[in-house]
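# Remarks on the overall topology
Here is how the chains run, residue by residue.
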Amino acid sequence: MANQTVPLRVTREGGIVLIELTRPEIRNPLNNELKQAMDSLVRSLEGDRDLTGVILTGTGGVFSGGGDVKAMSRERASGEYNGAEDYIARMRHSHGWLRILRELPVPVIAAVDGPCVGAGFSIALLCDFVLVTPRAKFAASFCKIGLAPDLGLFYTLPRAVGQQRAREIFYTGRLIGAEEALRLGLALEIVPEDDLLTRAWDIARQMEQSSPTAFALTKQISARALESDFETLLAQELQAQSILLASRYNGEAVDRFTAKEPPRFNFK
């Protein structure tokens, strides 16, 4: 059993890193302790040249209940955070590791079982793929406690579901079940609870079967596709393809294909 004072458990198999939030008894909150742990971990992954994938999940049937509202109350009462300046500094700290997580040049997969609300919802949508179980539930419940969506949700949610539906989700804070999440495009697949992590590992391993450079460039360009015009994307395509056509990986892949030899993956 995970030490209850530690908010994260990290498991690595080859180049794939599994990150588990380990405080389900308090709904795996994104409190200061977890944010500090995520900051250290994500920054350590940023320069890891052997990294090929990241899986992020909760434990105990909870992905994340979002911000720790009880801790917010204690902090306000104690004066630990006093005024907008303190909160701005805290948000900027979170934005630092969020950017790194979003821009890791490998697939990042959220495996969501149970509640995924508030800032937990924000974190899940920053990932490349979201797998859910039938009991997954999403909500952008910020307005209900007098806050605005944060941790990138203003960016990710409208791009996933469209502006009008995103506003409805923001304004009502209602729960979205697994079937609706799949229908709206918030989730890639619905997977039985017992198979969730197995499926996440399978997808991560499947995506190891390509050129790391090609994957990184494809992720980088596709992340900006919805905010770029056609000519900009053509220019980025030209740059990426010229780099990749000159790469050793492509050269060997073409030679093996021409010789009718099986592909050799994970060549760097």
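These remarks concern the structure in this document. (Residues numbered from 1 in each chain as written. Predicted model: local features only at pLDDT ≥ 70, side-chain atom pairs only at ≥ 80, totals over all residues. Heavy atoms only, no water.)

## Examining the pairing of strand 3 (residues 53-57)
Definition in use: Working definition: with a 1.4 Å probe on protein chains only, accessible area under 20% of the residue-type maximum means buried, over 50% means exposed, and in between means partly exposed. The way it works is that DSSP assigns letters per residue, a run of H or I at least four long becomes a helix, a run of E at least two long becomes a strand, and they are numbered from the N terminus. Any two strands with at least two DSSP bridges between them are considered paired.
Most of strand 3 is tucked away: five of the five residues are buried. Burial of strand 3 is two-sided: the residues G53, I55 and T57 facing one way and the residues V54 and L56 facing the other way are all buried. The pairing of strand 2 (residues 16-21) with strand 3 spans five bridges and is parallel. Residue pairing for strand 3: L18 is matched across the bridge by I55. Judged from the four bridges that link them, strand 3 and strand 4 (residues 108-112) form a sheet pairing that is parallel.

## Focus on the nonpolar core
This is how the line gets drawn: Throughout, nonpolar core names a set of buried Ala, Val, Leu, Ile, Met, Phe, Trp, Tyr and Cys residues whose side chains join them through atoms within 4.5 Å. The contact criterion used is simple: two residues touch if any of their non-hydrogen atoms lie within 4.5 Å.
Among the nonpolar cores identified, the biggest contains 50 residues, and L104, V112, F121, F138, L157 and L186 are the most heavily contacted of them. At six residues, the largest contribution of residues to this core is made by helix 4 (residues 119-126). In this view, L157 contacts F121, L125, G162, A166, I169, F170 and L186; residues no more than four positions away in its chain are not counted. Residues L18, I109, L196 and A200 belong to the second largest nonpolar core, which totals twelve residues.

## Considering the state of the cysteines
One covalent bond between the sulfur atoms of two cysteine residues makes up a disulfide. Rules: Two cysteine sulfur atoms make up a disulfide if the distance between them is within 2.5 Å.
Tallied over the full model, the rule gives zero disulfides. The thiol sulfur of C116 is not disulfide-bonded, and the nearest other cysteine sulfur, from C127, lies at 9.1 Å. Free cysteine: C143, not disulfide-bonded; nearest cysteine sulfur from C116 at 17 Å. The partly exposed category is assigned to C143, whose relative accessible area is 43%.

## Section: helix 6 (residues 163-172)
Short version of the rule: What the arc covers is the set of directions going from the helix axis to the C-beta atoms.
Of all the residues in helix 6, the buried ones are A166, I169 and F170. The arc that holds every buried residue of helix 6, seen down its axis, measures 100°, which confines them to one face. Seen from the buried face of helix 6, the exposed residues on the opposite side, beyond 90 degrees, are Q164 and Y171. Packed against the buried residues of helix 6 are helix 4, helix 5 (153-161), strand 8 (176-177) and helix 7 (178-184). Just past helix 6, the residue G173 takes up positive phi, approximately 65°.

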